[in-house]
Amino acid sequence: MFLLAGLGNPGAKYALNRHNVGFMAVDAIAEKNKFPLFRQRFSGLICRDKIESEDVILFKPSGYMNNSGQPLAAVVNFFKLSLSNVWVIHDDLDIELGHVRVKTGGGAGGHNGLKSIDSHIGSDYSRLRIGIGRPPRDTDVSNYVLSDFKANDLPWLENLMPEISGTMPYLLNGDSQAFCNNIVSS
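Draft legend 1. Main features of the layout of surface pockets. One number sums up the size of the largest pocket: a volume of about 470 Å³. Lining the largest pocket are 24 residues, with L93, G109, G110, H111 and N112 sitting closest to its centre. Where the lining of the largest pocket is concerned, the elements lending two or more residues are β5 (86-92), α3 (112-121), β7 (126-131) and α4 (141-145). Looking at the lining of the largest pocket residue by residue, the class counts come to 7 nonpolar, 10 polar and 7 charged. For the lining of the second largest pocket, the elements supplying multiple residues, two or more each, are α1 (21-32), β4 (54-61) and α5 (154-172). The residue inventory of the lining of the second largest pocket, partitioned by class, reads 10 nonpolar, 4 polar and 3 charged.

Draft legend 2. Fine view of the packing of α1 against α5. Look at α1 against α5: their axes get within 8 Å of each other, and the N-to-C directions meet at 55°. Judged by the angle between their axes, α1 and α5 are oblique. Seen from above, α1 lies across α5 with right-handed handedness. Judged by residue contacts, V21, M24, A25, A28, I29 and K32 of α1 engage L157, M161, S165, G166 and M168 from α5. Classifying every residue of the contact of α1 with α5 gives 8 nonpolar, 2 polar and 1 charged.

Here is what the cut-offs are and how they apply
Residues numbered from 1 in each chain as written. Predicted model: local features only at pLDDT ≥ 70, side-chain atom pairs only at ≥ 80, totals over all residues. Heavy atoms only, no water. 1 Å grid on protein atoms, 1.4 Å probe; cavity = no way out; pocket = protein on both sides within 12 Å on 5 of 7 lines; lining within 4 Å. Points joined across faces, edges and corners; volume = space filled by probe spheres on them. Helix = DSSP H or I, 4+ residues; strand = E, 2+ residues; numbered from the N terminus. Nonpolar A, V, L, I, M, F, W, Y, C, P; charged D, E, K, R; others polar. Axes fitted to C-alpha atoms, helices over the stretch in contact; angles between N-to-C directions. Parallel < 35°, antiparallel > 145°, perpendicular 65-115°, else oblique. Left-handed = near helix turned anticlockwise from the far one by under 90°. Contact = heavy atoms within 4.5 Å.

And the structure:
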């Protein structure tokens, strides 16, 4: 069983924020694979179904980004998941806008959602990192990640989400190289 946890902030105010690409990706995965509706549980929104033959839980913590760890830990503990089957999908300032990278373990790199998760379950989970690029000079990082994508970003964003959801079987089968190779914008 796999857990795909998207990070973001709850509510319509944050829906198109750069910080919410994790939520956007999980929503795209749910839609593409015809998962049942999300329901409130574990201080988040959760649903469960299959992607090909793999049992998959999709999860979006309902608290704010900085408090993602406790709800995610509750899901991991309840389902007795190995961290090798936990994928956290999040925004990354250090990756070029619209590019995607995967890695297992490592530091939080200043990402408060990852810091929270690390403090509750450790850092040996896998990460699907979606590049949001660096803010312009003299722009506060917090303001940048909490601002909406610009209109000219929406076409690549609208193409990237179906690519992520369509290539998810590669990640679940342990082939992150094929996953990245099949994402056009990477």
